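Coordinate inspection notes
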Amino acid sequence: PATYIVLPKLRFDPQGRATVAWLEDLGGQDTLYVSQWNGKTWQALGGRINGAGKWASFASLAFDIKGQPIVAWIEGEDGARKVRAARWKADTDSTNSSVNSGGQWLSLGPENAANKALNTRAGTDATHASIAANQQGILVTWRESQAGTQAADTQVKPVKPPTWTLETKLFR
């Protein structure tokens, strides 16, 4: 049966394998999925990535220095949306292995944050998450506004490794 799919993001990993992240309707709720081409067929990397019962939006896809997919997305209801990020850890977790659908998505959010959200300021709403990585680590950026206002900031936050000191508003 046909289903609603929106905002696919296609990227190639360092080995040239196509990987796609997309939002798909699951019981009336936008849900985040990722699959990777193994040369013959698309293989799902786990199941749904966002939390059960939580809306996903504004997904972004990149790769860490090991070539593993990393995603950032917005999760939750309008007015109180949170930024989430995760890294795929294949069972083999080797850049020289073939695509393996066995593995799990590991949260890149702070251990002490509610639902491991990256934006932790009370009363804020997030949109437009984006993720990037290089040898120095992983950065996530997003638009954040105070509830009930039109004013917004762009936030940038390192998620791995936590040794970066950058965590700031990008624009005012």
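Residues numbered from 1 in each chain as written. Predicted model: local features only at pLDDT ≥ 70, side-chain atom pairs only at ≥ 80, totals over all residues. Heavy atoms only, no water.

1. Some words on a nonpolar patch on the surface
A grouping of Leu10, Phe12, Trp37 and Trp42 is seen on the molecular surface, where their side chains present a nonpolar patch of about 440 Å² in accessible area. By the element assignment, tryptophan 37 lies in strand E3 (residues 29-37). (Patch = residues over 30% accessible without salt bridge, like charges linked within 9 Å, V, L, I, M, F, W, Y side chains within 5 Å. Areas by Shrake-Rupley, 256 points an atom, 1.4 Å probe, with all protein chains shown as cover. Salt bridge = Lys/Arg side-chain N within 4 Å of Asp/Glu carboxyl O. Helix = DSSP H or I, 4+ residues; strand = E, 2+ residues; numbered from the N terminus.)

2. Side note on the sheet that holds strand E1 (residues 5-12)
Strand order in the open sheet formed by four strands is E1-E2-E3-E4, and the pairing between neighbours is antiparallel. Only two strands of the sheet have a single partner each, and these edge strands are E1 and strand E4 (42-44). Across the sheet, the mean angle separating the axes of adjacent strands is 30° when strand polarity is ignored. In this sheet, strand E2 (residues 18-26) lies alongside E1 in antiparallel orientation, the contact comprising six bridges. By the bridge assignment for E2, valine 6 is matched with leucine 23. (Pairing = 2+ DSSP bridges. Axes fitted to C-alpha atoms, helices over the stretch in contact; angles between N-to-C directions.)

3. Side note on the confidence of the model for the protein
On average, residues of the protein score 82 in pLDDT, and 82% of them are at 70 or above. Segment residues 94-100: pLDDT under 50, and 19 contacts once partners within four positions in sequence are set aside and those in other chains are kept. (pLDDT = per-residue confidence, 0-100. Contact = heavy atoms within 4.5 Å.)

4. Quick notes on the pairing of E3
Counting buried positions along E3 yields eight of nine residues, so the element is predominantly enclosed. In this sheet, E3 lies alongside E2 in antiparallel orientation, the contact comprising eight bridges. The residue of E3 that forms the bridge with valine 20 is serine 35. Hairpin geometry of E2 and E3 is characterised by an intervening segment of two residues between the two adjacent antiparallel strands and by a positive phi of about 60° at glycine 27. Looking at chain direction, E3 and E4 are connected through three bridges and run antiparallel. Residue pairing for E4: tryptophan 37 is matched across the bridge by tryptophan 42. (Buried < 20%, exposed > 50% of the residue type's maximum accessible area, 1.4 Å probe, protein only.)

5. Here we look at the pattern of salt bridges
Once the charged atoms of two side chains with opposite charge are near each other, the side chains can pair. What the rule picks out here adds up to six salt bridges. Here aspartate 64 and arginine 87 are joined by a salt bridge, their closest N and O atoms 2.4 Å apart. Taken as a pair, aspartate 64 in the loop between strand E5 (56-63) and strand E6 (69-75) and arginine 87 in strand E7 (residues 82-90) lie far apart in primary sequence, 23 residues in all. For the pair aspartate 64 and arginine 87, a shared accessibility class is recorded, and that class is buried. Taking the shortest distance from any N to any O, the salt bridge between arginine 81 and aspartate 78 comes out at 2.9 Å. A relative accessible area of 13% places arginine 81 in the buried class. Counted as one network, the salt bridges with shared partners bring together Asp78, Arg81 and Asp125.

6. Let's talk about the pairing of E6
Extensive coverage of E6 is indicated by the burial of seven of its seven residues. Burial along E6 is two-sided: Pro69, Val71, Trp73 and Glu75 and Ile70, Ala72 and Ile74, pointing in opposite directions, are all buried. Summarising the sheet, E5 and E6 pair through six bridges and their orientation is antiparallel. Across the sheet, the residue bridging to serine 60 is alanine 72, located in E6. Where E5 hands over to E6, the hairpin turn is made up of five residues, of which glycine 67 adopts a positive phi near 85°.

7. Some points on the sheet that holds E5
With antiparallel pairing, four strands are arranged side by side in an open sheet as E5-E6-E7-E8. Only two strands of the sheet have a single partner each, and these edge strands are E5 and strand E8 (103-107). Pairs of neighbouring strands in the sheet enclose a mean axial angle of 25°, with direction left out of account.

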